[in-house]
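Topology and contacts: notes
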Amino acid sequence: GESVGLHLPTLSVQEGDNSIINCAYSNSASDYFIWYKQESGKGPQFIIDIRSNMDKRQGQRVTVLLNKTVKHLSLQIAATQPGDSAVYFCAENMGTGFQKLVFGTGTRLLVSP
Amino acid sequence: GAGVSQTPSNKVTEKGKYVELRCDPISGHTALYWYRQSLGQGPEFLIYFQGTGAADDSGLPNDRFFAVRPEGSVSTLKIQRTERGDSAVYLCASSSDRTLNTEAFFGQGTRLTVV
C-alpha cells in the first residue's frame, strides 16, 4: 500500500543550529500534509500544515517545504532549542473532506545544549 | 486545561478480556478520531466520528474492535477478546470541524498492555 516514510530515524543537533527533518510520501494524489511533534508520554502536537497547492509555508521558527515533483516534504526548525527535542512525524491525508491521516514512523530530534 | 482527555492513562488486561477506553473531546468539537500507535511507529487511523455517527471505520483491524459516540461527545473504544498484539497506545483526537483546515487536537493516549 501507499505510505509515508522518513529518511533519518535520529537527528542530533546543537542548540542554536537549524534542523531539517525530511519525509517522503508515495501518494501523488495527497493534497494535505501535517507535521506533528510528539514528546514522550504525550499525544502528537500539531506544528504546521501545508496544502498541495503551496510549496512553502512558514510559522514561528518552522518552515515546511513541499516538493510534489519528487514527493518530498521537509520541516525546517530555526535556532533549535532543547525544548524542540521530540519525535517528529509527517502525516499525509488520505481522507476526502476529513482528516484520515497516514503517519510516517517518525524522526527523533535530539538537541544538545 | 480543556484539552482532549483520555481515561484510563494506562490499562493492563489479560488476554481474552474485554476493555473499554474512554475519550472526552474538547467541548463543542464535532469531529472525533481514534488512532492506534505501536511502539516506535506513527499513529494508525482507526475510526472517525462526525457527530454521533461513524463516518469512516475502515481502520478498525477486525470485528473485535468497536467504537461508539452515542451523544456526539464522549466516545468509547471497545475491544473484545483482547490479544497481545492489541498492546499499543490508543490516541483520540477531536476537531471543531470535519474539514481539512481545522486542527485536530490529540489526547495523551491510553497505553493498553495485554498480558
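See the structure above.
Residues numbered from 1 in each chain as written. Chains lettered and ligands numbered in written order. Predicted model: local features only at pLDDT ≥ 70, side-chain atom pairs only at ≥ 80, totals over all residues. Heavy atoms only, no water.

**Quick word on the overall build of chain A**
As a reminder, the rule being used: By definition, any uninterrupted DSSP run of H or I lasting at least four residues is a helix, any uninterrupted run of E lasting at least two residues is a strand, and each is numbered from the N terminus. Throughout, radius of gyration means the C-alpha value; the globule benchmark is 2.2 Å times the number of residues raised to the power 0.38. Exposure is judged per residue with a 1.4 Å probe applied to protein chains only, and the accessible area is read against the type maximum: over 50% gives exposed, under 20% gives buried, and values in between give partly exposed. Whether two residues touch is decided by their heavy atoms; if any such pair falls within 4.5 Å, the residues are in contact. The protein chains shown are the only cover counted for residues, whose accessible areas, like all others here, come from Shrake-Rupley with a 1.4 Å probe.
Scanning chain A for helices and strands turns up zero helices and 11 strands. Its helices and strands taken in sequence order, chain A reads β-β-β-β-β-β-β-β-β-β-β from the N to the C terminus. Taking 13 Å as the expected radius of gyration for a compact globule of 113 residues, we find that chain A reaches 13 Å, a close match to that expectation. Evaluated residue by residue, chain A yields a buried proportion of 45% over its 113 residues. Taking contacts inside chain A between residues at least 6 apart in sequence as the whole, the part at least 24 apart equals 53%. On chain A, roughly 5,400 Å² of surface is accessible, and the fraction owed to carbon and sulfur atoms is 47%.

**Regarding the side chain of Ser 19 of chain A**
Residue and element names in this part refer to chain A. Under the convention used in this document: Think of a polar contact as two N or O atoms within 3.5 Å of one another; within protein, one of them needs to be a possible hydrogen donor and the other a possible acceptor, and neighboring residues in sequence only count if both atoms come from side chains.
Mapping Ser 19 onto the fold places it in strand S3 (residues 19-25). Look at Ser 19 and you get buried, because its relative accessible area is 1%. Separated by 2.7 Å, the side chains of Ser 19 and Thr 80 make a polar contact. Setting aside anything within four residues of it in sequence, one finds Ser 19 in contact with Leu 11, Val 13, Leu 75, Gln 76, Ile 77, Thr 80 and Leu 109.

**A few points about the packing of aromatic side chains**
Here is the rule we go by: Side-chain rings of Phe, Tyr and Trp (the six-membered ring for Trp) are treated as a pair once their centres are within 6.5 Å; stacked means planes under 30 degrees apart, edge-to-face means over 60, and tilted covers the remaining angles.
For the structure shown, the criterion picks out 11 aromatic pairs over all chains. When the centroid spacing of 6.1 Å and the interplanar angle of 85 degrees are considered together, the rings of Phe 89 of chain A and Phe 103 of chain A count as edge-to-face. Of this pair, Phe 89 of chain A sits in strand S9 (residues 86-93) while Phe 103 of chain A is found in strand S10 (residues 101-103), placing the two residues 14 residues apart along the sequence. In this structure Phe 89 of chain A comes out as buried when scored by relative accessible area, which is 2%. Both rings, one in Phe 103 of chain A and one in Tyr 35 of chain B, keep their centres 5.7 Å apart while their planes meet at 85 degrees; by these two values the pair is edge-to-face. Of the two residues, Phe 103 of chain A is situated in strand S10 and Tyr 35 of chain B in strand S4 (residues 31-37); the pairing between them involves two chains. For the residue pair Phe 103 of chain A and Tyr 35 of chain B, the accessibility class agrees, reading buried in each case. Through successive ring pairs, a cluster of aromatic residues spans Tyr 36, Phe 46, Phe 89 and Phe 103 of chain A together with Tyr 35, Phe 45 and Phe 106 of chain B.

**Thoughts on the interface of chain A and chain B**
To keep it simple, the criterion reads: Accessible-area loss on putting two parts together, using a 1.4 Å probe and summing over both, is the definition of buried area adopted here. Criterion for a salt bridge: a side-chain nitrogen of Lys or Arg within 4 Å of a carboxyl oxygen of Asp or Glu. When residues are grouped by polarity, Ala, Val, Leu, Ile, Met, Phe, Trp, Tyr, Cys and Pro land in nonpolar, Asp, Glu, Lys and Arg in charged, and all others, Gly among them, in polar.
The partner chain B presents 22 residues to the 20 residues of chain A that form the contact. Of the roughly 1,800 Å² buried between chain A and chain B, counting both surfaces, carbon and sulfur atoms make up 53%. When residues of chain A are sorted by the area they lose upon contact with chain B, Phe 98, Gln 99 and Lys 100 of chain A head the list and together hold 31% of the total. Taken together, the connections running from chain A to chain B amount to one salt bridge. A salt bridge links Lys 100 of chain A to Asp 56 of chain B, with the shortest nitrogen-to-oxygen separation between them at 3.3 Å. Seen at the junction of chain A and chain B, the total is six residue pairs in polar contact (both at pLDDT 80 or more). Those elements that place two or more of their residues in the side of chain A that touches chain B are strand S4 (32-38), strand S5 (45-51), S9 and S10 of chain A. The element contributing the most residues to the side of chain A that touches chain B is S4 of chain A, with three residues. Across the side of chain A that touches chain B, the residue classes break down as eight nonpolar, eight polar and four charged.

**Details of the state of the cysteines**
Structurally, a disulfide amounts to a covalent bond that connects the sulfur atoms of two cysteines. Our working definition: Disulfide assignment relies on a single distance test, namely cysteine sulfur atoms paired within 2.5 Å.
Under the counting rule described, the total for this entry stands at two disulfides over all chains. Disulfide pairing places Cys 23 of chain A opposite Cys 90 of chain A at an S-S distance of 1.8 Å. The disulfide joining Cys 23 of chain A to Cys 90 of chain A has a torsion of about 55 degrees about its S-S bond and is therefore right-handed. Of this pair, Cys 23 of chain A sits in strand S3 while Cys 90 of chain A sits in strand S9, and the two are 67 residues apart along the sequence. Here Cys 23 of chain B connects covalently by a disulfide to Cys 92 of chain B, the sulfurs 1.9 Å from one another. An S-S torsion of about -65 degrees defines the bridge between Cys 23 of chain B and Cys 92 of chain B as left-handed. Pair noted here: Cys 23 of chain B is in strand S3 (residues 19-24) and Cys 92 of chain B is in strand S9 (residues 88-95), with a separation of 69 residues, a long-range link. By relative accessible area, Cys 23 of chain B is classed as buried at 0%.

Treat this as a map of the structure, not an account of what it does.
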